[in-house]
Amino acid sequence: MLLVPSQRYARQSLQIFTIPLDTAKVRLQIQAGTGSEAKYRGMLHCIRSIVAEEGFTSLFKGLTAGLQRQMVFASLRIGLYEPVKRLYVGENFTGMVPLTTRILAALTTGAIGISVANPTDVVKIRFQADGRLPESQRRYRTVMEAYRKIIASEGYRFANHTE
């Protein structure tokens with residue numbers, strides 16, 4: 001069972017609305033880690049500053065990777081749930097599946113989904129962080145270029161962290 005289109009579109013629609021907040025969150029986290037004087041005084045100030053200095057579309061840096069993450073994560077998590085649940089209870093099981101088994105199946109498919117989708121999250125965060133740099137210093141112009149450069153410089157181990 002794959003994620004039905006209406007669920008997939010709903011998740012992607014939410015990503016479109018939440019990505020500006022996520023971009024501001026990443027910028028605030030970077031700011032907190034630098035130890036220098038704070039540029040942003042909070043979430044709303046950060047969003048206003050990004051729009052004023054970089055333009056409205058800068059709030060949506062990393063949207064493509066965010067949508068990719070939602071598609072991969074949700075499809076795996078929901079699509080694998082029934083097969084994993086059947087794996088735990090057996091093919092011939094009849095009756096109500098115990099709550100603990102359903103929770104275990106959900107935890108398992110969630111872990112599989114996030115493990116596979118994590119590289120897209122790494123790219124999204126790095127793409128959002130890169131947006132704070134002057135145009136000439138940005139490492140990535142497109143999300144696909146970010147994937148290529150990150151894999152070329154770090155190999156596939158980059159999937160294990162989000163810095």
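One can find the structure itself at the top, above this paragraph.
Conventions we followed
Residues numbered from 1 in each chain as written. Predicted model: local features only at pLDDT ≥ 70, side-chain atom pairs only at ≥ 80, totals over all residues. Heavy atoms only, no water. Helix = DSSP H or I, 4+ residues; strand = E, 2+ residues; numbered from the N terminus. Contact = heavy atoms within 4.5 Å. Areas by Shrake-Rupley, 256 points an atom, 1.4 Å probe, with all protein chains shown as cover. Salt bridge = Lys/Arg side-chain N within 4 Å of Asp/Glu carboxyl O. Buried < 20%, exposed > 50% of the residue type's maximum accessible area, 1.4 Å probe, protein only. Core = buried A, V, L, I, M, F, W, Y, C linked by side-chain atoms within 4.5 Å.

Draft legend 1. Inspection of the overall build of the protein at higher detail. What the protein contains, in helices and strands, is 6 helices and 0 strands. Counted from the first residue to the last, the protein has its helices and strands arranged as α-α-α-α-α-α. Relative to all contacts within the protein whose residues are 6 or more apart in sequence, the contacts with residues 24 or more apart total 65%. When the accessible surface of the protein is totalled, it reaches about 9,700 Å², and 62% of it is carbon and sulfur.

Draft legend 2. Main features of the pattern of salt bridges. If you walk through the whole model with that rule in mind, you get 12 salt bridges. Between K124 and D121 there is a salt bridge, with its nearest N and O atoms 3.7 Å apart. Of this pair, K124 and D121 both sit in helix α5 (residues 99-130), 3 residues apart, which is roughly one turn of that helix. Judged by its relative accessible area of 16%, D121 is buried. A salt bridge links D130 to R139; its shortest N-O distance comes to 3.1 Å. The exposure class of D130 is buried, given its relative accessible area of 1%. Looking at R139, the relative accessible area reads 40%, which means it is partly exposed. Connected through shared salt-bridge partners, D22, K25, R69, D121 and K124 make up one network.

Draft legend 3. Up close: the nonpolar core. With 8 residues, the main nonpolar core is built from A65, V123, F127, Y140, V143, A146, Y147 and I150. Those elements that place two or more of their residues in this core are α5 and α6 (143-154). For this core, the element with the highest residue contribution is α6, accounting for 4 residues. Here V143 is in contact with T64, A65, Q68, V123 and F127, once residues within four sequence places are set aside. Judged by nonpolar contacts, the second largest core, of 6 residues, contains A24, C46, I50 and L59.

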